[in-house]
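# Residue-level structure breakdown
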Amino acid sequence: DEEIYEFCTLHYNTTFPQMKKSDVNGENELPLYTYLNVVDREGNVVARFEPTADMAKVEECVKALL
């Protein structure tokens, strides 16, 4: 996205290629984020975890759904 590239170059003096902003929720979310949701057997999202989440908590949630 040209606007993001220009903003980053102007404000942060970046010179590397920029990636566009991606939707992580909703109808336009990228498939990766659909995959990363914790869902129950009916496909309902039951939890979302920040990238900094303790993996033990993620594991505990997943095990509870098995």
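Structural data are supplied above this passage.
A brief structural summary. (Residues numbered from 1 in each chain as written. Predicted model: local features only at pLDDT ≥ 70, side-chain atom pairs only at ≥ 80, totals over all residues. Heavy atoms only, no water.)

## Re the side chain of Asp40
As a reminder of what qualifies: For helices the rule is a DSSP run of H or I covering at least 4 residues; for strands it is a run of E covering at least 2, with both sets numbered from the N terminus onward. Burial status follows relative accessibility: with a 1.4 Å probe on protein chains alone, a residue under 20% of its type maximum counts as buried, one over 50% as exposed, and anything between as partly exposed. For the purpose of charge, His is not counted, nor are the chain termini; Lys and Arg are scored as positive and Asp and Glu as negative. Salt bridge, as used here, is a side-chain nitrogen of Lys or Arg placed within 4 Å of a carboxyl oxygen of Asp or Glu. Contacts are assigned to residue pairs that have any heavy atoms within 4.5 Å of one another.
Relative to the helices and strands, Asp40 is located in the loop between strand S1 (38–39) and strand S2 (45–47). Arg41 provides the closest opposite charge to the buried, salt-bridge-free Asp40, at an N-O distance of 8.4 Å. Those residues in contact with Asp40 that sit more than four places away from it in its chain are Val46 and Leu65.

## Section: the packing of aromatic side chains
Under the convention used in this document: Here is the rule: rings of Phe, Tyr and Trp (six-membered ring for Trp) pair when centre to centre is within 6.5 Å. Planes less than 30 degrees apart are stacked, more than 60 are edge-to-face, and the remainder are tilted.
Scanning the entire structure with this criterion turns up 1 aromatic pair. The interplanar angle of 70° and the centroid separation of 6.1 Å between the aromatic rings of Phe7 and Tyr12 together place this pair among those described as edge-to-face. Of the residues examined, Phe7 reaches a relative accessible area of 43% and is grouped as partly exposed. Judged by relative accessible area, which is 58%, Tyr12 ranks as exposed.

## Focus: the pattern of salt bridges
Enumeration according to the criterion identifies 1 salt bridge in this entry. Ionic pairing is found between Glu59 and Lys63, a salt bridge with its closest N-O pair at 3.1 Å. Linking Glu59 with Lys63, this pair stays in helix H3 (residues 55–65), spanning 4 residues, or about one helical turn.

## Comments concerning the layout of surface pockets
Threshold: Buried and open spaces are told apart on a 1 Å grid over the protein atoms alone, a cavity being a set of points where a 1.4 Å probe fits but cannot get out and a pocket being an open set with protein on both sides within 12 Å along at least five of seven lines. Residues with an atom within 4 Å of a point are the lining residues. Grid points are joined across faces, edges and corners, and a volume is the space filled by probe spheres set on the points. Asp, Glu, Lys and Arg are counted as charged, while Ala, Val, Leu, Ile, Met, Phe, Trp, Tyr, Cys and Pro are counted as nonpolar; the rest, among them Gly, fall into the polar class.
Approximately 410 Å³ is the volume found for the largest pocket. Lining of the largest pocket is provided by 14 residues; of these, Tyr33, Leu36, Arg48, Phe49 and Glu50 occupy positions nearest its centre. Of all the secondary structure elements, the ones that give two or more residues to the lining of the largest pocket are helix H2 (31–36) and H3. Element by element, the count of residues in the lining of the largest pocket is highest for H2, at 3 residues. In the lining of the largest pocket, the residues fall into 10 nonpolar, 2 polar and 2 charged.

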